[in-house]
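# Residue-level structural notes
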Amino acid sequence: MDITTLLLSLGDNDAVCATDGAILRVKIPETCWTDALREAVAEHKSVLIRFLTLAPGQTIPAETLLGWCDTYEERAAILEYGAGLSREDAERQAWQMLRETLHAAS
């Protein structure tokens, strides 16, 4: 399961996510947990934690994380293909732009 599908699945099940350092916490009704969902959360743990660090100390709905993920991916693609940056540079700049946008909004 890719990260977008994971976030959609979490959002469909009204999951909320939080982090405490390297510990990821996902609150979701027990009946909604599936083996595939657990495996996907484990697989994408570092990405989820990275996005959660954008709002330290807050519990974030999965739908919000999906929006952030979409914004990041879109900006990275524009920078890579529109501005001719390497994928690595485009991702780095997209991440910085997303952080600045979210910090300015808070």
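In this text the structure is predicted, and so the values were computed from the model without any measurement.

Reading the values: rules and limits
- Residues numbered from 1 in each chain as written.
- Predicted model: local features only at pLDDT ≥ 70, side-chain atom pairs only at ≥ 80, totals over all residues.
- Heavy atoms only, no water.
- Core = buried A, V, L, I, M, F, W, Y, C linked by side-chain atoms within 4.5 Å.
- Buried < 20%, exposed > 50% of the residue type's maximum accessible area, 1.4 Å probe, protein only.
- Helix = DSSP H or I, 4+ residues; strand = E, 2+ residues; numbered from the N terminus.
- Contact = heavy atoms within 4.5 Å.
- Axes fitted to C-alpha atoms, helices over the stretch in contact; angles between N-to-C directions.
- Parallel < 35°, antiparallel > 145°, perpendicular 65-115°, else oblique.
- Left-handed = near helix turned anticlockwise from the far one by under 90°.
- Nonpolar A, V, L, I, M, F, W, Y, C, P; charged D, E, K, R; others polar.
- Pairing = 2+ DSSP bridges.

### Let's talk about the nonpolar core
- Counting 33 residues, the largest nonpolar core has Leu10, Val26, Phe51, Leu65 and Trp68 as its most contacted members.
- At eight residues, the largest contribution of residues to this core is made by helix α4 (residues 62–82).
- Apart from residues no more than four positions distant in its own chain, phenylalanine 51 is found in contact with Leu65, Trp68, Cys69, Tyr72, Trp95 and Leu98.

### Focus on the packing of helix α1 (residues 3–12) against α4
- At a minimum axis separation of 8 Å, α1 and α4 run at an interaxial angle of 155°. On the basis of the axis angle, α1 is roughly antiparallel to α4. As for the relative orientation of α1 and α4, their crossing is left-handed in sense. Contact residues: Ile3, Thr4, Leu7, Leu8, Leu10 and Gly11 in α1; Ala62, Glu63, Leu65, Leu66 and Cys69 in α4.
- Looking at side-chain class alone, the contact of α1 with α4 contains eight nonpolar, two polar and one charged residues.

### Some remarks on the pairing of strand β1 (residues 16–20)
- As defined by bridge partners, β1 adjoins strand β2 (residues 23–27) across five bridges and the pair is classed as antiparallel. Residue aspartate 20 lies in a different strand from β2, and its bridge partner there is isoleucine 23.
- The antiparallel pairing of β1 with β2 creates a hairpin that spans two residues between the two strands, and glycine 21 there sits at a positive phi of about 70°.
- Two strands pair when backbone bridges link them, and β1 and strand β3 (residues 60–61) are joined in this way by two bridges, in the antiparallel orientation. Residue pairing for β3: valine 16 is matched across the bridge by proline 61.

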